[in-house]
Amino acid sequence: MARHMTPEEFRNNGYQIVDWIARYMEEVENYPILSRVDAGEIAARMPASAPEQPETFDTLIADLDRVVMPGITHWQSPNWFAYFPANTSPPSILAEFAAAGLGVQGMLWSTSPAATEVESRVLDWLVDMLALPESWKSTGPGGGVIQMSASDATHAALVVARHRRRGDASAEDMVVYVSDQAHSSIEKGCTVAGIGHCRKIATDSEFALDADRLESQIVEDLAAGLLPIAVVSAVGTTATTAVDPVRAIDAVAKRHMMWHHVDAAYAGTAMVCPEFRPFQDGVELVDSYTFNPHKWMMVNFDCNVLWVADRAPLIDTMSILPPYLRNEASDSGAVIDYRDWHVPLGRRFRALKLWWVIRSYGVEGIRSFVRSHVLLANDLAARIEADDRFEITAPHPFALVCFAHTDGNDATRDLAEALNDSGDVAVTPSVIGERWFIRVSIGQTYTERSHVDYLWELIDRLA
Ligand SMILES: *Cc1c(COP(=O)(O)O)cnc(C)c1O
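The structure presented is a predicted model; accordingly, all values stated were derived computationally and were not measured.

Basis of the calculations
Residues numbered from 1 in each chain as written. Predicted model: local features only at pLDDT ≥ 70, side-chain atom pairs only at ≥ 80, totals over all residues. Heavy atoms only, no water. Domains from an automatic or database assignment. Buried < 20%, exposed > 50% of the residue type's maximum accessible area, 1.4 Å probe, protein only. Helix = DSSP H or I, 4+ residues; strand = E, 2+ residues; numbered from the N terminus. Pairing = 2+ DSSP bridges. Phe/Tyr/Trp six-rings, centres within 6.5 Å; stacked < 30°, edge-to-face > 60°. Disulfide = S-S within 2.5 Å.

*Asks:* Can you tell me about the domain arrangement of the chain, naming the residues and giving the values?
*Replies:* Here the chain is partitioned into domain 1 (7-30 + 35-72), domain 2 (104-348) and domain 3 (363-462). Once you take the C-alpha centre of each, domain 1 and domain 2 turn out to be 38 Å apart.

Structural data, given as C-alpha cells:
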C-alpha cells in the first residue's frame, strides 16, 4: 500500500519548504554564482536505482542542500547579468504552489472554467498594459493564449502560416523570412513544421532587418518557384536587443500575402512603459505576436503569451475533436477551449501566477521595475563609453548593454572569463561575425544600483 503524507504532515513539510525558499532568497546573493561541478558529479551523488522503501521528507530536503545546490547556477542572484533574466518573484512562486495544489487540467473550458477565464481576462489586461490592439482581446476577433515558451508560440504561428497556404505549394517549397539576428527558435520552428526554407536576411549597421533586402530576396524566391509564407520580425533580438522595423516589414508581408509574426520575447515587457512603444510601431498590423512574462516580468518560467489578430486560422489549424472531448459548452461555441490554440492538449493553470504578479505589483510597480533596470543599463553604458579601454558595440534601447575591449577579441574574451571566474557576477560573451563582445543584461528581480556599481568595479579592475 502506498503511504501518503497526511494533510497534517503536508502542512508541516510545506512550512519547511517555504522556510527553505525564503532562506535561499536571503542568501542567494552570497553564493558563487556559477555552478562549478564537473559533468556527472551531481548524478554520482544519487543512487543508481530508485529506493524500494519510502524515504522521509527530511531526507529529501537534506538532499536539496547536499545533492542539488552544488549544481545550481544562481539565476536569481541580483548579480546575474548573463543571457536574459529568468525572473521569479514571491507572488509568482506562491501562485505556482497554489496551482500545483489545485492540480487542474485546463485543456477545455469545462475541465476548469476558472483556468480558462482567468487566463483570458488577464491576457486582455495585458493587451491594455502593453498598448496592443484592442481587437486582440478575447472579446474581439483575436485573442491570447499562454504557452510554454516563445519557441512554442513561434512554432505554432509558423504552422498556421503553412496551413493557410497548404493548397498553394508543398511545405518544402515554402519560405519563412527572418533577419540574420533572429532567434534560433524560428529556424527550429521551420524545421519542426517541415517548412523547406528559412531565409536569413542580412541586417543593417544596427543589427535590424532591412525591408528592402527582404523584398529583393522574396522576388528572387518567387522567380525560383518558391512560395513565401511568413516573415518574423524581432522587437529586441537576443544578441543585442535590436529592433526590426515592424511597419516597413508589414508592408512587404501584406504585398506578398505573408503571415507576419512578431517575436518580442524579451522586450515585450518594456512596452508596459509608454516611452518604449515607438519600438513596436506598426504592431497593430501584424498577424501574431509573442512575448515572455517569464523573462523580465517577474513571472516564473514557464509563461509565454501568444496573441493572434484573428483566432480563426489558429483554431482551424489546431482543432481536432475526438468524441471523448465533446461537451455541451464547447459545442455551444460560447467558451474558449485553449487546447485548440496550441500543440499540447493538457495545460497547467499558468495564468494564476501572471494574475498574482500583476495584482501584487500593480501596473505602476511593473513600470518602475522596468524603468529602474533601463536606467541602470544606461548609466553603465555611459561609464563604459567614457572609458578608452572599452567600446559599446550595439544600441541599447532596453536593459542589455553590449561592449567590447578596444584591445580586441582576446582581451574581450579574457575580460568575460575573468568576470565569470570571480564567482561574484555572471555575464555572457557573444560574437557577431568576427567581433566578440560582452552582454550585460540587467533585469534580475532584485538587481539594484549597488549590484551594477559592483559589476563596474569588477570590469574596471579586471580589464
Ligand atoms: C529568449 C528568446 C526566445 C526563446 O524563448 P523561449 O521562451 O525560451 O523559447 C525567442 N526569441 C527571442 C528574441 C528571445 O530573446
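From this point on, the discussion continues.
*Asks:* Please provide a residue-by-residue account of the pairing of strand β11 (residues 435-441), values included.
*Replies:* Burial within β11 is extensive, with five of its seven residues counted as buried. The sheet contact formed by strand β9 (residues 400-405) and β11 spans four bridges and is antiparallel. Its bridge partner lying in β11, phenylalanine 403 is registered against isoleucine 438. The pairing of strand β10 (residues 428-432) with β11 spans five bridges and is classified as antiparallel. Bridging across to β11, valine 431 finds its partner in tryptophan 436. In this structure, the hairpin formed by β10 and β11 is closed by a connection of two residues, where glycine 433 is found at a positive phi of approximately 65 degrees.

*Asks:* Talk me through the packing of aromatic side chains; I want residue IDs and the actual numbers.
*Replies:* One pass over the structure, following the stated rule, counts 17 aromatic pairs. Between tryptophan 75 and tyrosine 83 the ring centres are 5.6 Å apart and the planes differ by 10 degrees, which places this aromatic pair in the stacked class. Take tryptophan 75: its relative accessible area is 31%, and that puts it in the partly exposed class. Their ring planes at 70 degrees and their centres at 5.4 Å tell us that tyrosine 338 and tryptophan 341 sit as a pair that is edge-to-face. For tyrosine 338, a relative accessible area of 0% translates into the label buried.

*Asks:* Could you give an account of the state of the cysteines, naming the residues involved and the relevant values?
*Replies:* Evaluation of the coordinates by the stated rule reveals zero disulfides. As a non-bridged cysteine, cysteine 190 has cysteine 198 as the owner of its nearest cysteine sulfur, 4.0 Å distant. Residue classification places cysteine 190 among the buried positions, given a relative accessible area of 1%.

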